[in-house]
Amino acid sequence: MKELYIAENYSYELNPEMLKLLGEEFDVDKATSRFAEAIKGKSAAEIEAEGKVFFEDYGRKWIRRSLKLGEEYPDRTYEVLLEAIDKCGGYLRFALVPQRFIEIAYLSTQDISILPIIENNANRLVYRMVDCQTYKNLQEKCGEEVANLLPCRHACLTACETLHQDLEIDALIQMEAQMPKDGYCQFAAKRA
Amino acid sequence: MCWVCEAYGDPEVENGRWYLNPKNHSRNMYKIKKPGQKAAAYGSDPEAQSGRNIGEIMQYRFKDTEKFQQLIKEANAMKGSGPFQIGQVIPIQEAYKVVEMAYPVAAMSCICRIHARAQEERNEHEYSCTGLGVGMLKWERWPERYKGGVNFMTPDEAKEWLRKWNKKGMVHIIMTFGGSYVGGVCNCDYPDCGMIRNRVDYGIETGCLKSHWVAKIDYDLCTGCGVCVQRCQFGAIKFEVTLEKTNIDQMKCFGCGLCETGCPTGAIELVDRESFPGLREVW
């Protein structure tokens, strides 16, 4: 890091065009409307099964698209991170690289300015979703009972699992808190 | 327990030590700005703001000494709600734990030495301060602060680097960077370090709280070499001429451990402050 860069030529924040693209492709309003349509007239057990398939598929595509666009639209923060990872022989890759793509995914599709990161170190990546638009939409469109089944958790869990698999990082993904019970959802990736 | 541990520690994690709580080392990497909102300018960070607030107090040092003393009392009473950085002395054993947990760790030049001695630390061999956490990935935004750049380190490199500064006689102080978020570990000495100087010379406590440890001497092992006296930045150790041994004033001791690491006979050890009823609340 011996050269001094001209700071004003760089952007250290996420590219707004990338966020807009992702936000449009994975619009939670449209996704929850499609889900509401798909579960009309179905039993609780059928809704659970349908929810798993629907949201796992959504989550997988959402994070893979975030990964792809995140690489196509790098920012200076990411470039410095990659330089630091290279300098430290790969140390720092987990949890900071997954953290970046998870932040991209949530910041582009949710109405939040930051994603609360509870822990990020060599052993654990833990993040929290408090004011979730997906959950609110499920409450409005499908009712409280369906929302409380939390079918949308499959999107977040699958996204986190898929991300770590595609980055070839061995991690155990867990849900540490759930919106209906705890008032927020919290996800943890624990380095295996 | 110190007030910082009470406010930000978790009793189930590392004895409630706030600086060893992983949550205080974690932060988001990105923020979505509102339309038209620009990135924060240099000097708007907690470190610079804290410095300006101390400066506001310092201007009364000669202008109005009574008001000066009053402002210091008020600043100390504010504790966590005050507009100052929190700093706490930690021994090297705990500094090692911090660099294992913090992510990333980057050595950088010391802002206090630039101010106190007009001394720039020009490369990674001279850097005496560390920045911790994802904010360090954006260091280039503030080239005036991070002159010469930063040097990202693995935990093993960071520990070796800490050992180097400990051997030279520097006190490790852990600093916050906004709320309870741990921003760095400084390697400090008097009078270069603003935090130590503010505490020792003027009694401003927040930036330099005592550690959770206190030094204790075994007189049977002490040979009176005086190394510990030279290494103490806080005037807590005195050579007793008649005994030809050193004595530690535990009320003055900040628990930095420099005496312990410098003692050639192992006569000094750090003991938990909690084990001395009279020192439990002496921060």
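Bear in mind the structure is a predicted one, so any value in this text is a computation, not a measurement. (Residues numbered from 1 in each chain as written. Chains lettered and ligands numbered in written order. Predicted model: local features only at pLDDT ≥ 70, side-chain atom pairs only at ≥ 80, totals over all residues.)

### Comments concerning the overall build of chain B
Logical step 1: Tallying secondary structure elements over chain B gives 10 helices and 10 strands in all.
Logical step 2: Within chain B, counting contacts between residues at least 6 apart in sequence, those at least 24 apart form 65% of the total. (Helix = DSSP H or I, 4+ residues; strand = E, 2+ residues; numbered from the N terminus. Contact = placed C-beta atoms within 7 Å.)

### Description of unusual backbone geometry
Excluding glycine, residues mostly carry a negative phi; peptide bonds, for their part, are mostly trans.
Logical step 1: The omega torsion across B:Tyr103 and B:Pro104 is -5°, close enough to zero to call that bond cis.
Logical step 2: The residue B:Pro104 is located in the loop between helix H5 (92-101) and strand S2 (105-108) in this model.
Logical step 3: Along the chain, B:Tyr190 connects to B:Pro191 via a cis peptide bond; the corresponding omega equals 5°.
Logical step 4: Here B:Pro191 is to be found in the loop between strand S6 (182-188) and helix H8 (194-202).
Logical step 5: For A:Glu168, which is not glycine, the phi dihedral falls at a positive 55°.
Logical step 6: Here A:Glu168 is to be found in the loop between helix H8 (153-166) and strand S3 (171-177).
Logical step 7: Judged by the 7 C-beta atoms lying within 10 Å of it, A:Glu168 falls in the exposed class. (Buried ≥ 20, exposed ≤ 12 C-beta atoms within 10 Å, placed from the backbone.)

### Concerning the pairing of strand S8 (residues 237-240) of chain B
Logical step 1: Of the pairings in the sheet, the one linking S8(B) to strand S9 (residues 245-248) of chain B comprises four bridges and is antiparallel in character. Bridge pairing links B:Phe239 to B:Thr246 in S9(B). (Pairing = 2+ DSSP bridges.)

### Observations concerning H5(B)
Logical step 1: Turning to H5(B), its buried residues number three or more, namely B:Ile92, B:Glu94, B:Ala95, B:Val98, B:Val99 and B:Met101.
Logical step 2: Elements in contact with the buried residues of H5(B): S2, helix H7 (155-168), strand S5 (171-176), S6 and helix H10 (258-262) of chain B.

### A word on the interface of chain B and chain A
Logical step 1: Of the residues lining the interface, 25 residues belong to chain B; the matching set on chain A comes to 34 residues.
Logical step 2: Of the residues contributing to the side of chain B that touches chain A, the split by class is 12 nonpolar, six polar and seven charged. (Nonpolar A, V, L, I, M, F, W, Y, C, P; charged D, E, K, R; others polar.)

### Side note on the sheet that holds S2(B)
Residues and elements named next belong to chain B.
Logical step 1: Strands sit in the order S1-S5-S6-S3-S2-S4 across an open sheet of six strands; the sheet is antiparallel. Each having just a single partner strand, strand S1 (87-89) and strand S4 (151-153) make up the two edges of the open sheet. The average angle at which neighbouring strand axes cross in this sheet is 25°, direction not considered.
Logical step 2: Sheet topology places S5 next to S6; six bridges connect them, and they run antiparallel. Residue pairing across strands places Ile-173 opposite Cys-186, the latter belonging to S6.
Logical step 3: Taken strand by strand, H7 contacts S2, S4, S5 and S6, and its axis lies near 110° from that of S4. (Axes fitted to C-alpha atoms, helices over the stretch in contact; angles between N-to-C directions.)

### Structural notes on the confidence of the model for chain A
Logical step 1: Looking at chain A as a whole, the pLDDT averages 94, with 96% of positions reaching at least 70.
Logical step 2: Averaged pLDDT values over the elements of chain A bottom out at 94 in helix H7 (residues 144-149) of chain A and peak at 98 in H8(A). (pLDDT = per-residue confidence, 0-100.)

### Considering the sheet that holds strand S4 (residues 185-191) of chain A
All names here are of chain A.
Logical step 1: Taken in spatial order, the four strands line up as S1-S2-S4-S3 in an open sheet, and their pairing is antiparallel. Two strands in the sheet have a free side with no partner beyond their single neighbour: strand S1 (117-120) and S3. Going across the sheet, the axis of each strand differs from the next one's by a mean of 15°, ignoring polarity.
Logical step 2: The pairing of S1 with strand S2 (residues 124-129) spans three bridges and is classified as antiparallel.

### Overview of the pairing of S5(B)
All names here are of chain B.
Logical step 1: Most of S5 sits out of view: six of its six residues are buried.
Logical step 2: Alternating residues of S5 divide into Val-171, Ile-173 and Met-175 and His-172, Ile-174 and Thr-176, and every residue in both groups is buried.
Logical step 3: Of the strand pairs in this sheet, S1 and S5 are connected by three bridges, and their pairing is antiparallel. In the strand pairing of S5, Val-89 is matched with Ile-173.
Logical step 4: Between the end of S5 and the start of S6, which pair antiparallel, lie five residues, with Gly-178 showing a positive phi angle near 95°.

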